[in-house]
Amino acid sequence: MTQTVHTAATAASSATFTSLTCKECGETYDLGAKHVCEDVCFGPLEVTYDYEAIRRQVTRESIQAGPNSIWRYRAFLPVETETPIDVGTGMTPLLKANRLARRLGLKSLYIKNDAVNMPTLSFKDRVVSVALTRARELGFTTVSCASTGNLANSTAAIAAHAGLDCCVFIPADLEAGKVLGTLIYDPTVMAVQGNYDQVNRLCSEVANTHGWGFVNINLRPYYSEGSKTLGFEVAEQLGWQLPDHIVAPLASGSLFGKIYKGFNEFVKVGLVEEKAVRFSGAQAEGCSPIAQAFKEGRDFITPVKPNTIAKSIAIGNPADGVYALEIARKTNGNIEAVTDAEVVEGMKLLAETEGIFTETAGGTTIAVLKKLAEAGKINPDETTVAYITGNGLKTQEAVQGYIGEPHTIEPKLDSFERAWERAQTLERLEWQQTLV
Ligand SMILES: *Cc1c(COP(=O)(O)O)cnc(C)c1O
Ligand SMILES: [Zn+2]
């Protein structure tokens, strides 16, 4: 482990992050590649900031004059450099979803569409852009991750752009699109015969022996801060206001907590007015340790063995699960789980009503949104934002057999006319079936 570690205080006077602090006991550490409170309680470390310094640096106008990417919020992110790795990550569309809203009996629904995030079509580009910028500052030359799929895509792509060496670890049974979407960037890929939790354990050992920068292990405090931008962007895109209710998927529970932190930071520095935002979380039944704890009123998580098509959120032992539970409870939100069949229905519903093809994680979010709306757990008048975190082209296996097929025809008008007739008859039959 030969990387040089220097601190924010000595490097750049405009840096606003001050230390790593243990979320459990409050012990502070210097700003190196560390993620657990090794001197006291083994709790997770989180980046802390000087909010007075941020308040002096930013205004709504200065943010709007910044780059059209997550780096317009650089003052809130744990990097020193003036030239972060900017591959156009962030500032994805916030879409008013009127047709989906009508179907669900809601009046003010928005989709935050990270299915089109850059460069690899998932929200993970946010956390990796921040983690690799910090990795470079800390002197790492090889970066790595323990991934459920999207993180490997993102780490490999952004490492390629930044000229960093890359070795990623994935479970061996991932969807073809996720594996190919990593290999194309030519990293070393380790396909581990085991589930994500086993991959993660292995990576913790490799991090200790190889001195690599693992974005979601030893760089986790920096990495996870990238998810705050999902909160910042929604607030800015709503015209510098917070929504009433958000629905987001839960894997480790990290992104959920960071949206919450992002909203609170904007309030703290005076960019938006304070508001009680309700936080609801989505899991797939085949891997729903946080939803189970919520339902049973427990304040601890019992790990499970994942078995669901929603592979990108299949974490059986979620590192930030208890914090997600706490946030859902104190904000008067909910955490729900849906079956794999409902996940597929959710993917189709979003595609048919809004023209957005999301992956299984997004299907989970939409299915839970629907369940909450039908149960009256979302007030129709609430301004609600559903976070779509990944792209459906990467999980094509999930909908195979549940969608239509093309009509193969000869290049002749009468062949088309016959096929068109058949297609319309089919559509009428399907319509009649939905009525019975
Ligand atoms: C990783 C991932 C998540 C969940 O992230 P956590 O921060 O671990 O909860 C959600 N959606 C997609 C598509 C992901 O890849
Ligand atoms: Zn501690």
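Preceding this paragraph is the structure being described.
I will try to describe carefully the structure that is included in this document.

What counts, and where the lines are drawn
- Residues numbered from 1 in each chain as written.
- Chains lettered and ligands numbered in written order.
- Predicted model: local features only at pLDDT ≥ 70, side-chain atom pairs only at ≥ 80, totals over all residues.
- Heavy atoms only, no water.
- Patch = residues over 30% accessible without salt bridge, like charges linked within 9 Å, V, L, I, M, F, W, Y side chains within 5 Å.
- Areas by Shrake-Rupley, 256 points an atom, 1.4 Å probe, with all protein chains shown as cover.
- Salt bridge = Lys/Arg side-chain N within 4 Å of Asp/Glu carboxyl O.
- Buried < 20%, exposed > 50% of the residue type's maximum accessible area, 1.4 Å probe, protein only.
- Near = heavy atom within 4 Å.
- Polar contact = N/O pair within 3.5 Å; in protein donor to acceptor, adjacent residues only side chain to side chain.
- 1 Å grid on protein atoms, 1.4 Å probe; cavity = no way out; pocket = protein on both sides within 12 Å on 5 of 7 lines; lining within 4 Å.
- Sits in = over half its atoms within 2 Å of the grid points.
- Nonpolar A, V, L, I, M, F, W, Y, C, P; charged D, E, K, R; others polar.
- Pairing = 2+ DSSP bridges.
- Helix = DSSP H or I, 4+ residues; strand = E, 2+ residues; numbered from the N terminus.
- Points joined across faces, edges and corners; volume = space filled by probe spheres on them.
- Contact = heavy atoms within 4.5 Å.
- Core = buried A, V, L, I, M, F, W, Y, C linked by side-chain atoms within 4.5 Å.
- Domains from an automatic or database assignment.

### Considerations on a nonpolar patch on the surface
A cluster of nonpolar side chains, contributed by Ile409, Leu413, Phe416 and Trp420, occupies part of the molecular surface with about 420 Å² of accessible area. Taking the relative accessible area as the measure of exposure, leucine 413 reaches 62% and is therefore exposed.

### So, the site of ligand 1
Every one of the 15 residues lining ligand 1 counts as a neighbour, but Lys124, Asn150, Ser252, Leu255 and Thr389 are closest to it. Glycine 253 is positioned with one of its backbone polar atoms (N or O) 3.0 Å from an oxygen atom of ligand 1. Relative to its unbound accessible area of 380 Å², ligand 1 is 97% covered by the protein chains. Under a 2 Å grid-point criterion requiring more than half of the atoms, the pocket assigned to ligand 1 is the largest pocket. Among the residues forming the shell around ligand 1, the class breakdown is six nonpolar, seven polar and two charged.

### Some words on the sheet that holds strand β2 (residues 28–29)
An order of β2-β1-β3 is seen for the three strands of this open sheet, with the pairing classed as antiparallel. Looking along the sheet, the strands with just one partner apiece sit at the ends: β2 and β3 (45–49). As paired elements, strand β1 (residues 17–22) and β2 share two bridges and run antiparallel to each other. Following the sheet pairing, leucine 20 is matched in β2 by tyrosine 29.

### Here's the deal with the layout of surface pockets
Its volume calculated, the largest pocket comes out at about 960 Å³. Lining the largest pocket are 49 residues, and of these Asn216, Arg220, Ser252, Ala319 and Asp320 lie nearest its centre. No other element matches helix α8 (residues 196–210), which puts five residues into the lining of the largest pocket. If you add up the space inside the second largest pocket, you get close to 490 Å³. Lining the second largest pocket are 15 residues, with Lys348, Glu352, Gly404, Glu427 and Glu430 sitting closest to its centre. Contributing elements (two or more residues each) for the lining of the second largest pocket: α14 (340–354) and α16 (413–435). Top element by residues in the lining of the second largest pocket is α16. It accounts for seven residues. Taken together, the residues that form the lining of the second largest pocket break down as five nonpolar, four polar and six charged.

### Remarks on the side chain of glutamate 225
One can find glutamate 225 in helix α9 (residues 220–225). The contacts of glutamate 225, once residues within four sequence positions are left out, are Glu46, Val47, Tyr49, Phe76, Leu77, Pro78, Lys258 and Lys261.

### Description of the nonpolar core
Counting residues in hydrophobic clusters, the biggest one holds 78 residues, and the most contacted among them are Phe76, Leu132, Ile246, Phe256, Ile259, Phe266 and Tyr387. Both domains that meet at this core, namely domain 1 (17–84 + 124–224) and domain 2 (94–120 + 227–399), each give it at least three residues. Leave out the neighbours within four places in its chain, and phenylalanine 266 touches Ile63, Tyr73, Phe76, Phe232, Ala235, Trp240, Leu271 and Val272. Grouped together as the second largest cluster of nonpolar side chains are 24 residues, Leu100, Val343, Ile356 and Ala386 included.

### A look at empty space enclosed by the protein
In the structure shown here, the tally under the stated rule is one cavity of 30 Å³ or more. If you add up the space inside the largest cavity, you get close to 40 Å³. Lining the largest cavity are Ser14, Ala15, Thr16, Gln57, Arg74, Ala75, Leu77 and Val79. Here the residues of the lining of the largest cavity are counted per class, giving four nonpolar, three polar and one charged.

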